[in-house]
Structure formats: structure tokens, C-alpha cells
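These are the residues of each chain, in order.
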Amino acid sequence: MAGAMMNPQIVKGALCHALWILTPAPELLKGRKVICHTVALADVLNAGGIYVPDPMYVVVDCDLVTARSAADLELYTETLLATYYKLSNTPIL
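As a starting point, this report considers the structure included with it. (Residues numbered from 1 in each chain as written. Predicted model: local features only at pLDDT ≥ 70, side-chain atom pairs only at ≥ 80, totals over all residues. Heavy atoms only, no water.)

### Side note on the environment of Pro-8
Quick reminder of the rule: Labels follow the DSSP assignment, with helices taken as runs of H or I lasting at least four residues and strands as runs of E lasting at least two, numbered in each case from the N terminus. A 1.4 Å probe rolled over the protein chains alone gives each residue an accessible area, and that area as a share of the maximum for its type sets the label: buried under 20%, exposed over 50%, partly exposed in between.
On the secondary structure map, Pro-8 appears in the loop between α1 (2-5) and β1 (12-15). The class of Pro-8 is exposed, set by a relative accessible area of 57%. Separated by 58 residues in the primary sequence, Pro-8 and Thr-66 place their C-alpha atoms 15 Å from one another.

### Some thoughts on the environment of Leu-45
Of note, Leu-45 is situated in helix α2 (residues 38-46). Residue classification places Leu-45 among the partly exposed residues on the basis of a relative accessible area of 43%. Separated by 14 residues in the primary sequence, Leu-45 and Gly-31 have C-alpha atoms spaced 9.7 Å apart.

In C-alpha cells, the structure reads:
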């Protein structure tokens, strides 16, 4: 995941607690707009992530799509795919 975070050509997704994977390397989250589960929030903020309390519970920051919890899985998946299509200039089927 760390390698993917350094490559803007790769669309990344992090759902719920997944941002915890990145918190040991704060340079990967610093300045990125995200949403996550409240349990992971303090660590994400300490790593420099910018918490966006979006009422849709899904946040896109360029090539990174985050969502609050598995309860938001449908919109998260749709947003992840839409972001991929947008960044890759691939027509949506």
C-alpha cells in the first residue's frame, strides 16, 4: 500500500479502519483528505490526515477514496470505480 500511495496513477481505496495501515508512515497521509471510522481517527489525524466529516461518508482526494465503515460499502465501491474511470480516462461501460 505504501508503494501505491506514492504512485498517483494507482487509485487507492481505504474503508473503515484501513487507514491504520498507513499511520506508521505519516508522509503517506499528510495533507490527504480522508474519512474513516472514529476508532482510527486520532491516529489518522496524528499522521497528518485531514478528516472531512462528509455526510455521504465517502471522501475522494485525487487518487485516494476513503469511507467511514462497511455500512457505506455500496457508495464506496461506486465512488472507487468512478474515480478509477475518471483518472484512467476509461469510458464507463
